[in-house]
Amino acid sequence: MRRSFLAVILVAAAACVDVPDSVRAEFAGPGAADRSNFRPGQHGSAPPAEEPPVEKAAPVAVTGAANDAGASSAAQSPEDGGAAAPEPAAVIADGGAS
Amino acid sequence: MKLARLLLAGLALGLAACGTMSLPPVRVLDKRTDEAHKPTYNGLPIKSGQLVLTESPDATSYVFVLIPKKFHAFTHVAIISVEDGEPWVYDVTGEVKTFPFKKRLMDNVTGKMYRRRLFEYVAPNLHAEIYDPPPGADGEKIAAYARQKFKDGVEFDSYFDFHDHSKLFCSELVALAIESAGGGHVAPEPSNPNPSVVEGMRWLGVPPGEALPAGRFADPARYVAALGQFPTRTAAWSYFEAKHELHRRFTMDQRLGFLLTISGNGQVDVRPEISTFAARAGHLFDNDPNPPEPGDPRIRAAVRKLAADMFGPFPADAHAPGTEPEPAPQPVAAR
């Protein structure tokens, strides 16, 4: 019988593989300046409904007032944004190295 | 050499989309019965050559959904072969092999074809649906192809190369079986151009640019039956619509880390607000006396409203870059 996926992950977790910093950076949580479309709370940083579909720029190149407002409100509201407070990329990178 | 606790075993197997874990007993949620679909097994209209699509309960299913440019439900696909009156399921799947581990992640993934009873196969999954094969494909020939590959001992292709059939991954097996049975060629489709997804695929060694998601074989017109852990098919497809909404919101500036987390030892998991969103979506119609059927625009409208409530508004006509705009959902009727 096939081994369970959970067992696979557990076994895999004990392994060491080469994980470049560039990959770990992709798993960094959203920072205050990032326009995440998944930030918790009703004051998330997703663009307002009247805004046209976004053709994207670089992840941190957020300068629009609306975007800044959204990101700030989420970051400053522990009751709705604090649960998913982003981890600094550097912490994640450090956590992966051992 | 940089050493890190394996963070992407889930991602690696996520691409395989082939995982299982123990879950409660399977229940039959729904079945289609008509002149062409008469019950053959436990009340289900099962025939050789039908396809079983499953959704893994693992966090990695949230990775799978981001790989193709276009959204698809389900994480895995397999083939039914009725033998002496009992349906068996053939699939090819991968797992992380035992020590020694290799530096290159996907070199640690190995696998083969399996043959299991239908309910045994479905049990570890969150949801499963059975579909007829495409028009023109002979179901008996599809099943025969799967049996032959099982007999041949074909290996799992951990690098998901659709153009080299010496090893196979799950949807590649099904595509080849359908083609061998006269059902036409099933080609890969574009993968997600999101830079974060591309970076992940490049690191894994999986060719960026194309994907063959299991959900390609879930044609509503060929639907046969649904089984799994959800109480209703409406709940299951509300959950899938939540995954669809995550895909839609994963625009070019979004990173994998907006949905996924990495623990101290590098294991990948889903951010709690993301899994909560999907779970809540599955309950949107729990108290609806007239719940919508899958495909009813009320499901999309309700899920998008939930997403707006949890994550903030998002343009109704927005869609992942490079994909076709989707029809706007109809207003949810007050009930």
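Quick notes on the rules
Residues numbered from 1 in each chain as written. Chains lettered and ligands numbered in written order. Predicted model: local features only at pLDDT ≥ 70, side-chain atom pairs only at ≥ 80, totals over all residues. Helix = DSSP H or I, 4+ residues; strand = E, 2+ residues; numbered from the N terminus. Buried ≥ 20, exposed ≤ 12 C-beta atoms within 10 Å, placed from the backbone. Contact = placed C-beta atoms within 7 Å. Arc of directions from axis to C-beta. Axes fitted to C-alpha atoms, helices over the stretch in contact; angles between N-to-C directions. Parallel < 35°, antiparallel > 145°, perpendicular 65-115°, else oblique. Left-handed = near helix turned anticlockwise from the far one by under 90°. Nonpolar A, V, L, I, M, F, W, Y, C, P; charged D, E, K, R; others polar. Domains from an automatic or database assignment. Core = buried A, V, L, I, M, F, W, Y, C linked by C-beta atoms within 7 Å. Pairing = 2+ DSSP bridges. pLDDT = per-residue confidence, 0-100.

J.: Looking at this model, I keep getting lost on the overall build of chain B. Mind explaining?
T.: Within chain B one finds nine helices and 14 strands. Every one of the 335 residues in chain B was classed for burial, and the buried ones make up 56%. Put simply, of all contacts in chain B between residues at least 6 apart along the chain, 77% involve residues at least 24 apart.

J.: In this structure, what is going on with the overall build of chain A? I would like to understand it.
T.: Scanning chain A from N- to C-terminus turns up four helices and one strand. Listed N to C, the secondary structure of chain A is α-β-α-α-α in terms of helices and strands. For chain A, the residues scored as buried account for 38% of the 98 residues in total. At a minimum sequence separation of 6, the contacts of chain A that also span at least 24 residues come to 76%.

J.: Whenever I open this one, helix α6 (residues 195-204) of chain B confuses me. Can you help?
T.: All names here are of chain B. Every buried residue of α6 is listed here: Ser196, Val197, Gly200, Met201 and Leu204. Across the axial projection of α6, the buried residues extend over an arc of 135 degrees, all falling on one side. At the exit of α6 stands Gly205, carrying a positive phi of roughly 90 degrees.

J.: Would you mind going over the environment of Gly183 of chain B with me for this structure?
T.: Residue and element names in this part refer to chain B. Structurally, Gly183 is set in the loop between α5 (170-180) and β10 (189-190). In the structure, Gly183 is positioned 49 residues away from Pro134 in sequence and 6.0 Å away in space, judged by C-alpha atoms. With residues up to four places along the chain from it excluded, the contact list for Gly183 reads Pro133, Pro134, Gly136, Ala137 and Ile178.

J.: Looking at this structure, how should I read the packing of helix α7 (residues 233-249) of chain B against helix α9 (residues 297-311) of chain B?
T.: The geometry of a pair of packed helices is captured by two quantities: the angle between their axes and the separation between those axes. Residues and elements named next belong to chain B. Here α7 crosses α9 at 55 degrees, and the two axes come no closer than 9 Å. Between α7 and α9, the interaxial angle falls into the category oblique. The way α7 lies across α9 gives a crossing that is right-handed. Residues Trp237, Ser238, Glu241, Ala242 and Glu245 of α7 pack against Ile299, Arg300, Val303, Arg304 and Ala307 of α9. The class makeup of the residues in the contact of α7 with α9 is five nonpolar, one polar and four charged.

J.: What am I meant to see in the domain arrangement of chain B here?
T.: When the parts of a complex come together, some accessible area is lost, and that lost area is often used as the size of the interface. All names here are of chain B. Once the domains are mapped, chain B shows domain 1 (9-228) and domain 2 (233-311). For domain 1 versus domain 2, the distance between C-alpha centres works out to 22 Å. Listed by partner, the interface residues are 19 residues for domain 1 and 19 residues for domain 2. Only α1 (9-16), β2 (27-31), α6 and β12 (223-228) provide two or more residues apiece to the side of domain 1 that touches domain 2. Of the residues forming the side of domain 1 that touches domain 2, the biggest block, four residues, is contributed by α6. Per-class residue counts for the side of domain 1 that touches domain 2 are twelve nonpolar, six polar and one charged.

J.: So what exactly am I meant to see when it comes to the packing of helix α8 (residues 272-281) of chain B against α9 of chain B here?
T.: All names here are of chain B. Two elements in contact, α8 and α9, have axes whose closest approach is 10 Å; the angle formed by their N-to-C orientations is 145 degrees. α8 and α9 meet at a crossing whose hand is right-handed. On α9, the residues touching Glu273, Phe277, Arg280 and Ala281 of α8 are Val303, Leu306, Ala307 and Met310. Here the contact of α8 with α9 is built from residues that sort into six nonpolar, no polar and two charged.

J.: Help me understand the nonpolar core, please; the structure alone is not making it clear to me.
T.: Within soluble globular proteins, side chains that are nonpolar tend to cluster in buried spots. All names here are of chain B. Of all hydrophobic cores here, the largest spans 95 residues; its most connected members are Val52, Leu53, Val77, Ile79, Val174, Ala177 and Leu259. Split by domain, this core shows at least three residues from each of two domains, domain 1 (9-228) and domain 2 (233-311). Among all residues touching Leu53, those that are not within four sequence positions of it are Phe74, Val77, Ala128, Glu129, Tyr131, Ala214, Gly215, Phe217 and Ala218.

J.: What is the right way to read the pairing of strand β3 (residues 51-55) of chain B from this model?
T.: Within a regular strand, the side chains alternate between the two sheet faces. All names here are of chain B. Of all five residues in β3, five are buried; the element is thus mostly enclosed. Residue alternation in β3 divides its side chains into two sets, Leu51, Leu53 and Glu55 and Val52 and Thr54, and both sets are buried. Judged from the four bridges that link them, β3 and strand β4 (residues 76-83) form a sheet pairing that is antiparallel. Bridging across to β4, Val52 finds its partner in Ala78.

J.: How do you make sense of the environment of Tyr223 of chain B when you look at a structure like this?
T.: Examined against the element boundaries, Tyr223 of chain B turns out to sit in strand β12. Sequence spacing of Tyr223 of chain B and Phe169 of chain B is 54 residues, and the spatial spacing of their C-alpha atoms is 23 Å.

J.: Please explain the confidence of the model for chain B as it appears in this structure.
T.: Do not read the predicted coordinates in detail wherever pLDDT is low. Residue and element names in this part refer to chain B. Per-residue pLDDT for chain B averages 86, and the proportion of residues at 70 or more is 83%. The low-confidence segment residues 327-335 (pLDDT under 50) makes 15 contacts with residues lying over four places distant or belonging to another chain. Predicted as a complex, the structure gets a pTM of 0.77 and an ipTM equal to 0.82.

J.: Help me understand the confidence of the model for chain A, please; the structure alone is not making it clear to me.
T.: Residues and elements named next belong to chain A. For chain A, per-residue confidence averages 51 on the pLDDT scale, and residues scoring 70 or more make up 23% of the total. The element-level mean pLDDT for chain A is lowest in helix α4 (residues 89-96), coming to 27, with helix α2 (residues 21-26) highest at 85. Every residue in residues 1-14 is under pLDDT 50, and counting partners more than four places away or in other chains gives 31 contacts. Ignoring residues within four places in sequence, the model shows residues 56-98, a span with pLDDT below 50, making 81 contacts including any to other chains.

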